[in-house]
Amino acid sequence: MKLLMIGGGGREHALIRKLKESPRVETIYCAPGNGGISRDAQCVAISAMDIDSVVAFSKENQIDLVFVAPDDPLAAGMVDALEAAGIRAFGPSKLAAEIESSKVFSKNLMKKYGIPTARYEVFDAPETALSYILEQNAWPAVIKADGLALGKGVVIAQNEAEARDALHSMMEDKIFGESGSRVVVEEFLTGPEVSVLAFTDGETVRPMVSSMDHKRAYDGDKGPNTGGMGTISPNPYYTAEIAKRCMEEIFLPTVRAMQQEGRPFKGCLYFGLMLTPNGPKVIEYNSRFGDPETQVVLPRLKTPLIEIVEAVVNGTLAQQEIEWEDNACACVVMASGGYPKSYPKGLEITGLDDNGQIPGVTVYHAGTSYKDGKFFTAGGRVLGVTACGNTLAAALQKAYDGVHRIHFEGAHYRKDIGHK
Ligand code: AMP
Ligand code: GLY
């Protein structure tokens, strides 16, 4: 098979590594990829948002299957365009991807189908949003931009001034463009967070092993939100009993709801959950594999990924066997100094071999370039240093051993991944 991966981060690197394990996969192209990915796949200089070029490339090169990994091209309808051109694709249609690209859509869906989530109201003007927040007088207040906002569209406002500020910058200054034309104001929930990725072909849903992200930039969950500074799998809070409840109250009802709405979801559906004192609730849905959740979930998959991907695309997931290792996995993200704000690029990374790896651990490249046998930083999140072990402690030890052998100027990573 000839595959084309869309995207160029650590998630895509992990997907490519896993897909390559199958002898049936002959060639993998990646658009646009990155330095590390170029050691595992053939990178092509096409932007992940360039739908026309992706369709044209797939036709010219007789691609058997295109894997659309990031949220933006899914929300823009890349899968619809590929299918219209007769090319098989993994990922939801534009309509189904709205479960991530519109918080208003996803909140209304949950309300309509009784799926547990935080209480909320939708607003299209800052004044009415603010009066509602003041009326509720329950702090903190959670304010979310309706559309995609690079993971930065959620503000937890502690007081009136912060709420006013957030509404002003989203709705008037339009810092997220049209994504902030509408906002969701919702109840603040508490409890451990769990990420569950699930394969679904629109009818059957098969959850993967659970994981825990670390979204804040600094140790002790301090500092600004990031795309994710590290992950562990399994999530220690996610017991078998909670998993059963989530299947019955959240996963199945969501997949059925999407089907009823005429938007069957095919691909990977990501459930961002909070285990509240009143049971598990949905914080958010994503229409794709999580990053860096994928980096700790896929190494634990025993079944060839390509078989599951094809079962999703063909609508035969119910008959597909899916087996997992009974182990643990940890990923520590090494980021550029300054991330998630501004940071330098082009700094040399030392400690990696010519394939961008070190012995005993797997290094997924998120933001690197490659030239003449050397790797350089090229993004905010640079590397996801990942290891599996019989226990979480063993996996973490190995991953941190790896981190200590890699160097670049200003490298920043959290030292407390998995400590909670
Ligand atoms: P989201 O982008 O929707 O996942 O939100 C980013 C982060 O904000 C989540 O991972 C939570 O930590 C936090 N968050 C979002 N919604 C709520 C809520 N209703 N209550 C408490 N925390 C929340
Ligand atoms: N790690 C969170 C996300 O992929 O959205």
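Rules and cut-offs
- Residues numbered from 1 in each chain as written.
- Chains lettered and ligands numbered in written order.
- Predicted model: local features only at pLDDT ≥ 70, side-chain atom pairs only at ≥ 80, totals over all residues.
- Heavy atoms only, no water.
- Near = heavy atom within 4 Å.
- Polar contact = N/O pair within 3.5 Å; in protein donor to acceptor, adjacent residues only side chain to side chain.
- Helix = DSSP H or I, 4+ residues; strand = E, 2+ residues; numbered from the N terminus.
- Pairing = 2+ DSSP bridges.
- Axes fitted to C-alpha atoms, helices over the stretch in contact; angles between N-to-C directions.
- Expected span 1.5 Å × (residues − 1).
- Bend = angle between axes of the 7 residues up to and from the residue.
- Buried < 20%, exposed > 50% of the residue type's maximum accessible area, 1.4 Å probe, protein only.
- Contact = heavy atoms within 4.5 Å.
- Areas by Shrake-Rupley, 256 points an atom, 1.4 Å probe, with all protein chains shown as cover.
- Nonpolar A, V, L, I, M, F, W, Y, C, P; charged D, E, K, R; others polar.
- Parallel < 35°, antiparallel > 145°, perpendicular 65-115°, else oblique.

### Brief notes about the site of ligand 1
- By nearness alone, 15 residues border ligand 1, and E186, E187, L189, E193 and E284 come closest of all.
- Within the contact set of ligand 1, a nitrogen atom lies 2.9 Å away from a backbone nitrogen or oxygen of E187.
- K215 is positioned with one of its side-chain polar atoms (N or O) 3.1 Å from an oxygen atom of ligand 1.
- Elements that contribute at least two residues to the shell around ligand 1 include exactly β7 (141-145), β8 (154-157) and β17 (279-286).

### Some remarks on the sheet that holds strand β10 (residues 193-201)
- Reading across from one edge, β11-β10-β16-β17 is the order of the four strands in this open sheet, with antiparallel pairing throughout. At either end of the open sheet lies a strand with only one pairing partner, and these are β11 (205-207) and β17. Each adjacent strand pair in this sheet contributes to an overall mean axis angle of 35°, direction not counted.
- With seven bridges joining them, strand β16 (residues 266-276) and β17 adopt antiparallel strand pairing. Of the residues in β17, the one forming a bridge with L275 is P280.

### Observations concerning helix α9 (residues 240-260)
- Its 21 residues place the ends of α9 28 Å apart at the C-alpha level, agreeing with the 30 Å of an ideal helix rising 1.5 Å per residue.
- Along its length, α9 shows its largest kink, about 45°, at M247.
- Among the residues of α9, those classed as buried are C246, I250, F251, P253, T254, V255, A257 and M258.
- Its buried side turned inward, α9 meets α5 (94-101), α6 (103-113), β10, β11, β16 and β17.

### With respect to the site of ligand 2
- The environment of ligand 2 is formed by D213, G227, Y270, N286, R288, G290, D291, P292 and E293.
- One nitrogen or oxygen atom from the side chain of D213 is found 2.8 Å from a nitrogen atom belonging to ligand 2.
- Here D291 contributes a backbone N or O atom positioned 2.9 Å from a nitrogen atom of ligand 2.
- Relative to its unbound accessible surface of 190 Å², ligand 2 loses 89% to contact with the protein.
- Its residues assigned to classes, the shell around ligand 2 shows two nonpolar, three polar and four charged.

### A look at the sheet that holds strand β6 (residues 120-123)
- The strand order across the open sheet built from four strands is β6-β9-β7-β8, with neighbouring strands paired in antiparallel fashion. Both edges of this open sheet fall to β6 and β8, since each of them pairs with a single strand only. If you compare each strand with its neighbour and ignore which way they point, the axes differ by 20° on average.
- In this sheet, strand β9 (residues 183-186) lies alongside β7 in antiparallel orientation, the contact comprising four bridges. Pairing of I143 across the sheet is with V185, part of β9.
- On top of the sheet, helix α7 (residues 126-136) reaches β6, β7 and β9; it is set at about 155° to β6, its chief contact.
- Where helix α8 (residues 160-172) meets the sheet, it contacts β6, β7, β8 and β9, and its direction lies at approximately 5° from that of β7.

### Overview of the packing of α5 against α6
- At a minimum axis separation of 6 Å, α5 and α6 run at an interaxial angle of 90°. The angle between α5 and α6 places the two elements in the roughly perpendicular class. On α6, the residues that touch E98, I99, E100 and S101 of α5 are K103, F105, S106 and L109.

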